[in-house]
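# Summary of structural features
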Amino acid sequence: MHLLNLGILAHVDAGKTSLTERLLHTVGVIDEIGRVDDGNTVTDTLALERRRGITIKSAVVSFAVDDVTVNLIDTPGHPDFIAEVERVLGVLDGAVLVVSAVEGVQAQTRVLMRTLRRLRIPTLVFVNKIDRRGARYEGVLRAISDRLTAAVVPMGTTEGLGTPGARFVPGLGPAALDVLADRDDDLLAAYVEGGLSGDRIGAALAAQTGQALVHPVYFGSAATGAGVDDLVTGVRKLLPAADGDPAGPLSGTVFKVERGPAGEKVAYARVFSGTLRVRDRIPFGEEAGRERGGARAEGSGAAATEGPQDRAAAGRAGAKGVGSAGSVRAEGSGAGSPGTRDPQDRGAAGGSPKPAGALAAGSARPEGRVTGISVFDQGEDVRAEAVAAGRIARLWGLTGIRIGDAIGESRKREAHFFAPPTLETVVVTGPGTDRRTLHLALTRLAEQDPLIDLRHDEVRREISVSLYGEVQKEVIQATLAEEFGLEVAFRETTPLCIERPAGTGTAVEFNKKDPNPFLATVGLRVDPAPAGSGVDFRLEVELGSMPYAFFKAVEDTVRETLGQGLHGWRVTDCTVTMTHCGYSPRQSHAHQGFDKSMSSTGADFRGVTPLVLVEALRRAGTRVYEPMHHFRVEAPADTLGALLPVLAASRAVPRATDTRDGLGLLEGAVPAALVHGLEQRLPGLTRGEGEWESAFDHYAPVARGTVPERPRTDQNPLNRKEYLLNVTGRTGN
């Protein structure tokens, strides 16, 4: 029995969930087909999904087709929930991309296909709604070829298009053979010589589909069932089965987390290798030193904690001797730039010598015991004693598990497929809602969607969340009301800007030299880096010059501090280099134990690093960038005169214009914060005939008006006295 983990993806309202229902009915999993409008579909299980008629959370259901067991994952189609789709992509063996025969290729369709092709996920295209008035065949095929991929293989034609009796007529035409032959020289030679058999063509189609070189296109209707049998055959014959060795080392990925009826945490995981059994104790999470937290990882990080082993390392290093303040000593005490240490000192400070420029893995990953497993089988969620490679399972017992965590051996983590949220809003408590209860509820929601990125402002007593759009905000509000009984409102949505260094800046604080109250020397240099590169932390000091835990404390604090730059926004696309380091080794009074007041700890490095980093940023300067969307508007040509001034007033910059067959086409860039307003106004400006597509494209410098400032939620290292008062309880040494 082969396994296939199959994703169903589409632009919202293309009929994705309806197709899932029809597939389940076709293979015999359900006796009656549910309707999205009636709120009785199998995969839309949330009350909010049933009421609004949209998919919000991914859902898994399993069925068998001959010798293939398919784990089908229904994903959200609305762009506000693209993060849910991203988490699913990493566990798929194949996908079906649903396109409407009426609306054709839409904004989200293009985003999804671009990503599927980049990840080389084998994909079938299903053109739905051929029974609807206005359905097209040639026009949709042309749009798929022009706007998605030219490597399309039409798997047949249609009859009765646009009528309730519309049907799909399977059969490969000459155009399909041309596409296949273009990617296979042997097939091309046989094609020219006229020696192609049906089996040879079928084998080439399966091979090229499995390698994501071509994309078979089926037409049909989820409502009537037309073409669905042919799609099922394509899923079975053309998409590759899951691989993985059940006897190999355990390796898997968590793509969804939810809470059970008793409040217990349940993780959805794809097992890529090995076999996981109930009562197994397994490591999970990311390797030490790797960032977590989704698309915003390059600007965030939790401060390292200092354990007993860290202090012990510091003590062993200090046993060699104590240096005077301001000197560079082999023992690493005092202040200054990198010194040298003999091999014995290097070993005491945290292991064998390592080259400057990188930090090695630190503490071990957390572990947990699996207390329960369930797998998906013929539409049911079935308890099991074990889950083997290739399958998707629900896991109980891993209380600290989070979305994106690896279980067992870590796999290479892919870069994020879609843009991070570009909007944020403040959650306002309603009558009878207290902040503590709201915080707990939002924390639970953040378990399921880490990219909402809770942000607490203790001074203003506010909680803000990151968003993809207004629909997501409405869903959060409804979820808090229905699941937690909390009434909330939101302030106006604002853009989520970033900061980038404008130049190079350096700063240093020396151990035991005023005005530094911390027993630590830290010097940092901030340099600009290419757009999209994130944050890179490097060393220009010898890794063995002080205990590893102190280096780790500096790096983690750098990443955390960069979460709020000079204007309060996340700082990214920069390289931070540690240029100076030093510490006071473990010391004690005669016949007494460890004296913290005389010896450096991780807290000293976590305390001084923000002061050094913000001073380096001050000297480098930062510039605020706002998120920009690429937009595409298609509207009657005679409405462009009314549309263009509105776009200009919204700071939209058209980069391309075209008119054909009475339609005008505009493409350009517009600030993300103004997209929703334009979408709302478009129907009135275009007699209801305008089509708007937009997606995040890039960040652009804020060029007009006052530079936006974001209130700080940290200890404010920009104000030294305030920071020291908050951290140490005093304003100086």
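Described in the following lines is the structure provided in the data block. (Residues numbered from 1 in each chain as written. Predicted model: local features only at pLDDT ≥ 70, side-chain atom pairs only at ≥ 80, totals over all residues. Heavy atoms only, no water.)

### Overview of the pairing of strand S32 (residues 653-660)
Quick reminder of the rule: By this definition, two strands are paired if DSSP reports at least two bridges between them. Runs of H or I in DSSP of at least four residues are treated as helices and runs of E of at least two as strands, each being numbered from the N terminus.
Bridge count for S32 against strand S33 (residues 663-671) is seven bridges, and the pairing is antiparallel. The residue bridging aspartate 658 from the neighbouring strand is leucine 665, located in S33. Hairpin connection from S32 to S33: two residues lie between these consecutive antiparallel strands, with aspartate 661 at a positive phi of about 50°.

### Let's talk about the sheet that holds strand S4 (residues 94-100)
For the record, the criterion: To obtain an axis, a line is fitted to C-alpha atoms, over the contacting stretch when the element is a helix, and the angle between two such axes runs from 0 to 180 degrees between their N-to-C directions.
Taken in spatial order, the seven strands of this open sheet run S2-S3-S1-S4-S5-S9-S6, and their pairing is mixed. Whereas interior strands pair on both sides, the edge strands pair on one side only; in this sheet they are strand S2 (59-65) and strand S6 (152-154). Averaged over all pairs of adjacent strands, the angle between their axes in this sheet comes to 25°, without regard to strand direction. Bridging between strand S1 (residues 2-10) and S4 involves five bridges; their strand directions are parallel. Of the residues in S4, the one forming a bridge with leucine 6 is glycine 94.

### Regarding the nonpolar core
Soluble globular proteins tend to bury their nonpolar side chains together. Stated precisely, the cut-off is as follows: Joining through side-chain atoms within 4.5 Å is the link that ties buried Ala, Val, Leu, Ile, Met, Phe, Trp, Tyr and Cys residues into a set, and such a set is a nonpolar core. Relative accessibility thresholds used throughout: buried, under 20% of the residue-type maximum; exposed, over 50%; partly exposed, between the two (1.4 Å probe, protein chains only). Note on contacts: a residue pair is in contact if any heavy atoms of the two residues lie within 4.5 Å.
In this structure, Leu19, Val96 and Ile144 are the most contacted members of the largest nonpolar core, which totals 83 residues. In contact with isoleucine 144, other than residues within four places in its own chain, are Val105, Val125, Val127, Thr149, Val152 and Val217. The next biggest cluster of nonpolar side chains, apart from the first, holds 33 residues, and it includes Ala520, Val526, Val571 and Val576.

### Side note on the pairing of strand S9 (residues 215-219)
Of all five residues making up S9, five are buried, and the element is well covered by its neighbours. Of the two faces of S9, the one carrying His215, Val217 and Phe219 and the one carrying Pro216 and Tyr218 are both buried. As paired strands, strand S5 (residues 123-128) and S9 are joined by three bridges and run parallel to one another. In the strand pairing of S9, phenylalanine 126 is matched with tyrosine 218.

### Section: the packing of aromatic side chains
Filter applied, for reference: Two aromatic rings from Phe, Tyr or Trp, using only the six-membered ring of Trp, form a pair when their centres are within 6.5 Å; if the ring planes differ by under 30 degrees the pair is stacked, by over 60 it is edge-to-face, and anything between is tilted. By the criterion adopted, a ring carries a charge over it if an Arg CZ or a Lys NZ lies within 6 Å of its centre and within 35 degrees of its normal.
A full pass over the atoms with the stated rule returns eight aromatic pairs. Relative to phenylalanine 376, the ring of tyrosine 268 lies with its centre 6.1 Å away and its plane at 25°, an arrangement referred to as stacked. Here the residue tyrosine 268 occupies a position in strand S11 (residues 265-273), and phenylalanine 376 occupies one in strand S15 (residues 372-377), the gap between them amounting to 108 residues. Per residue, the accessibility class of tyrosine 268 equals that of phenylalanine 376, and both read buried. If you follow lysine 256 out to its NZ or CZ, it ends over the ring of tyrosine 268, 4.8 Å from the centre. When the ring centre of tyrosine 625 is taken as reference, the NZ or CZ atom of arginine 500 above it lies at 4.6 Å.

### Considerations on the side chain of glutamate 626
Condition: Counted as a polar contact is a pair of N or O atoms within 3.5 Å, where, for protein atoms, one must be capable of donating a hydrogen and the other of accepting one, and residues adjacent in sequence contribute only when both atoms are in side chains.
Looking at where glutamate 626 falls in the secondary structure, it is placed in strand S31 (residues 622-636). For glutamate 626, a relative accessible area of 8% gives the class buried. Separated by 2.9 Å, the side chains of glutamate 626 and arginine 651 make a polar contact.

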